[in-house]
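# Descriptive structure summary
The lines below spell out each chain.
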Amino acid sequence: MRRFLSFMSWTVLCCWTTQADVFTSIGQMTDLVYTEKELVQSLRAYIKAEESKLAAVKSWANKLDDLTRISTSDPEGYLAHPVNAYKLMKRLNTEWSELETLVLQNPSDEFISNMSMHRQFFPDEEDETGAAKALMRLQDTYQLDSEAFSKGKLPGMHSNAMLTVDDCFDMGKTAYNDADYYHAVLWMQQSLKQLDAGEEAVVSKADILDYLSYSVYQMGDLPRAIELTRRLVAIDPSHQRAGGNLRYFERLLVKQRSEQKEEEKPVSEEPIQLGTYDRPKDHLPERETYEALCRGEGIKMTEARRSRLFCRYSDGKRNPHLLLKPAMEEDEWDSPHIVRYLDFLSHEEIEKIKELAKPRLARATVRDPKTGVLTTANYRVSKSAWLEEDDGPVIARVNKRIQDITGLTVDTAELLQVANYGVGGQYEPHYDFSRRPFDSNLKLDGNRLATFLNYKDEPDAFKRLGTGNRVATFLNYVMTLRQEELRSFLTSEHQSGPERERLCSGIIFSRVERETIGPDMQPVLS
């Protein structure tokens, strides 16, 4: 008997571990919400102290205004009164020194101290960039235009969260700096649209047109690039690049039309929007299928097939632990057969495991296919923690329950993995089993043969798109088994393949199955 790898992941509210990669964990971003609230309270306290200080200084100045008006009208007569002479000496020797001390007091010290204490946990530039790219990933996956994000009009969500001209410009600049001209065009265009509509902004129209015209040129649309550059020259004739770019674009267009023997056509007056340009292909050949599944556009179950799906109580083939409290089993798909078990974990068990996982969360890694070294990757955006049975009795109970339902031993299970995904969190399609010949663990542990998933239902921002509401998922990978276990397992009623509409959701047992998880506004776990 080798090992049975138990892998579980779900939404976790975590405490701070490191500064970097905050955007990969909704848990840490949740903590940032409370951090910001505390900073606002500290700022309010500073403002109040500053106002109190200024009120005291203003009161002193008003009093001295009246006093000096009298004293300077007749200095000798004023000082002839011994009390006035004494008070003048006292004021200049004592009271002005006290005022000087008051003015030198810095009410901001406490606020600055509070800021310094929290700053070590603030997101950095990598987090801001990662969050921006996450919005673009959601934009692509769910085919949403930039205005949908800018106006907060997201499917299934009602919020006042909106993006300003400057926000849209920064989104476009993030894409531009990554040579992602496709998204740079979409977001610069949205920034320009809002600015033209009269919205106030720090960024200038010239700056937006500068980035937009060059990005459009990179997308191969010379006529529109020329039109945008002409607008830029009209606004800023002395712009250091606009004139040169305009002449270059015009020469290039003449050459292009000459070579292709095209006649001059008017520039399209249609605004740039989603679909104006084709999204460039990337490294993932299954990208379109992957995103379509995330949108709920997979194979649909016919009513005739659906009528053959049932729910039942399962005792795990007379497993003693399930006789008095059988598992609630529900058919999800007919061929391959996929079943779902309901109420696998109690609320208390989930909360306890979340509590245990909090201090252990770290950026999830993948193994470099060339070097075999563990490293982070932009196709896996999450944080994870590993728990063992010694960390709490709940871990042992969960492993035992999996064993009862599947009929597979967990005597040599690996540690339990708890994963927390951030905004647009994802793990792109991948094989659960190792395909690396150099993987030394295979000789000792064997390869993964099956995957068990268990997830918690939560409200989903994209429910209207039919994507389901997978927020928390538990995965259990089966490794080398005894022959009698494997034979019994593969011929049982639990053989399965991808769940309808979404891969890697529900319960999957397979030696070669691929996981597919779509980015979501809510944490989507794998």
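Each chain has its residues counted from 1, running along the sequence as written. Restriction of local features to residues with pLDDT of at least 70 applies here, the model being predicted, together with a cutoff of 80 or more for giving and counting side-chain atom pairs; totals for whole chains, interfaces and linings are based on all residues. To obtain the side-chain values, all non-hydrogen atoms of the structure were used and water was disregarded.

### With respect to the overall build of the protein chain
By the criteria applied, helices consist of DSSP H or I runs no shorter than four residues and strands consist of E runs no shorter than two, each listed in order from the N terminus. Tallying secondary structure elements over the protein chain gives 18 helices and 13 strands in all. Each residue gets one of three labels from its accessible area relative to the maximum for its type: buried under 20%, exposed over 50%, partly exposed in between, using a 1.4 Å probe on protein chains only. The buried share of the protein chain, taken over its 526 residues, is 46%. Of all intrachain contacts in the protein chain linking residues separated by at least 6 positions in sequence, the fraction that spans at least 24 positions is 71%. Counting every atom, the protein chain has about 28,400 Å² of accessible surface; 52% of that belongs to carbon and sulfur. By definition, residues are in contact when any of their heavy atoms lie within 4.5 Å. Shrake-Rupley sampling with a 1.4 Å probe provides the accessible areas, and residues are treated as covered by the protein chains on show and by no other component.

### Details of the packing of helix α15 (residues 347-357) against helix α16 (residues 393-406)
Every axis corresponds to a line fitted to the C-alpha atoms, with the helix fit spanning only the stretch in contact, and the corresponding angles, defined between N-to-C directions, vary from 0 to 180 degrees. Where α15 contacts α16, the axes come no closer than 10 Å and their chain directions differ by 125°. As summarised for this structure, α15 and α16 are arranged oblique, according to the angle between their axes. Of the two elements, α15 crosses α16, and the hand of that crossing is left-handed. Contact residues: α15 offers Glu349, Lys352, Ile353 and Leu356, while α16 offers Val394, Ile395, Arg397, Val398 and Arg401. Residues are grouped as follows: Ala, Val, Leu, Ile, Met, Phe, Trp, Tyr, Cys and Pro are nonpolar; Asp, Glu, Lys and Arg are charged; all remaining types, including Gly, are polar. Of the residues that constitute the contact of α15 with α16, the class distribution is five nonpolar, no polar and four charged. Throughout this description, any angle smaller than 35 degrees is read as roughly parallel, any larger than 145 degrees as roughly antiparallel, any in the 65 to 115 degree range as roughly perpendicular, and the remainder as oblique. Left-handed describes a crossing whose near helix is turned anticlockwise from the far helix through less than a right angle; right-handed describes the clockwise counterpart.

### A look at helix α10 (residues 222-235)
End to end, α10 covers 20 Å across 14 residues, agreeing with the expected 20 Å (1.5 Å per residue, within 8%). Next to the buried residues of α10 lie α9 (205-218) and α11 (242-260). Here the expected length of a helix is defined as 1.5 Å per residue gap, with one fewer gap than residues.

### Some words on the pattern of salt bridges
When a carboxyl oxygen of Asp or Glu is within 4 Å of a side-chain nitrogen of Lys or Arg, the pair counts as a salt bridge. Evaluated as defined, the whole model comprises 28 salt bridges. The shortest N-O distance in the salt bridge between aspartate 221 and arginine 224 comes to 3.3 Å. Judged by its relative accessible area of 11%, arginine 224 is buried. When salt bridges with common partners are traced through the structure, they connect Asp140, Arg279 and Glu291 into a single cluster.

### A word on the sheet that holds strand β9 (residues 416-427)
Strand pairing in a sheet takes place through backbone hydrogen bonds and is either antiparallel or parallel in direction. Strand order in the open sheet made by the three strands is β5-β8-β9, with antiparallel pairing throughout. Looking at the sheet topology across the chains shown, the edges are occupied by β5 (362-363) and β9. Against the sheet, α15 contacts β8 (380-387) and β9, and its axis sits at roughly 100° relative to β8. One bridge is not enough; two strands pair if DSSP finds at least two bridges between them.

### What to know about the packing of aromatic side chains
Here the distance between the centres and the angle between the planes together describe a pair of aromatic rings. Two aromatic rings, drawn from Phe, Tyr or Trp (for Trp, its six-membered ring), form a pair once their centres lie within 6.5 Å of each other, and the interplanar angle then sorts them: stacked below 30 degrees, edge-to-face above 60, tilted otherwise. Inspection of every chain in the model, using the stated rule, returns 12 aromatic pairs. Ring centres of tyrosine 214 and tyrosine 217 lie 5.6 Å apart, and the angle between their planes is 50°; on these two criteria the pair is classed as tilted. Here the residue tyrosine 214 and the residue tyrosine 217 both occupy positions in helix α9, the gap between them amounting to three residues, near one helical turn. Taking the relative accessible area as the measure of exposure, tyrosine 214 reaches 27% and is therefore partly exposed. Taken together, Phe169, Tyr176, Tyr181, Tyr211, Tyr214, Tyr217, Tyr248 and Phe249 form an aromatic cluster joined through their ring pairs. In this structure, arginine 401 packs its charged tip against the face of phenylalanine 344, placed 5.9 Å from the ring centre. We count a charge as sitting over a ring when the NZ of a lysine or the CZ of an arginine lies within 6 Å of the ring centre and within 35 degrees of the ring normal.

### Side note on the environment of arginine 312
Relative to the helices and strands, arginine 312 is located in strand β2 (residues 311-314). The exposure class assigned to arginine 312 is partly exposed, which follows from its relative accessible area of 28%. Each residue touching arginine 312, except ones within four places of it in the same chain, is listed here: Ala327, Met328, Glu329, Asp331 and Val339. Residues adjacent in sequence count toward polar contacts only when both atoms are side-chain atoms; beyond that, a polar contact is any pair of N or O atoms within 3.5 Å, and within protein one must be able to donate a hydrogen and the other to accept it. Only 2.6 Å separates the side chain of arginine 312 from the side chain of glutamate 329, close enough to count as a polar contact. Of note is the side chain of arginine 312, whose polar atom sits 2.8 Å from the side chain of aspartate 331.

### As for the confidence of the model for the protein chain
Residue-level confidence of the predictor, termed pLDDT, takes values from 0 up to 100. Here the protein chain averages 76 in pLDDT, while 77% of its residues score no lower than 70. This model gives residues 1-18 a pLDDT under 50, and the stretch forms 122 contacts once residues within four places in sequence are excluded. Within the model, the stretch residues 461-526 combines pLDDT values under 50 with 287 contacts to residues more than four positions away or in other chains.

### Considering the environment of glycine 152
As for its placement among the helices and strands, glycine 152 is situated in the loop between α6 (146-150) and α7 (165-177). Taking the relative accessible area as the measure of exposure, glycine 152 reaches 13% and is therefore buried. Sequence spacing of glycine 152 and methionine 162 is 10 residues, and the spatial spacing of their C-alpha atoms is 5.2 Å.

### What to know about the nonpolar core
Buried Ala, Val, Leu, Ile, Met, Phe, Trp, Tyr and Cys residues that are joined via side-chain atoms within 4.5 Å together make up what is termed a nonpolar core. With 47 residues, the main nonpolar core has Phe149, Trp187, Ile208, Leu212 and Val216 as its most contacted residues. When contributions to this core are tallied by element, the ones reaching two or more residues are α5 (125-141), α6, α7, α8 (181-196), α9, α10, α11 and α12 (287-294). Considering each element in turn, this core owes the most residues, eight residues, to α8. Contact partners of leucine 212, with chain neighbours within four places excluded, come to Val185, Met188, Gln189, Leu192, Leu228 and Ile272. If you look at the next biggest cluster of nonpolar residues, it comprises 20 residues, including Leu345, Val398, Leu416 and Val418.

### What to know about the pairing of strand β3 (residues 327-333)
Within β3, five of the seven residues are buried, which leaves the element mostly enclosed by the surrounding structure. As judged from the four bridges shared by β2 and β3, these two strands associate in the antiparallel manner. Directly across from serine 314, in β3, lies its bridge partner alanine 327. As judged from the five bridges shared by β3 and strand β4 (residues 338-342), these two strands associate in the antiparallel manner. Bridging across to β4, glutamate 329 finds its partner in tyrosine 341. Here β3 hands over to β4 after four residues, the two strands then running antiparallel side by side.

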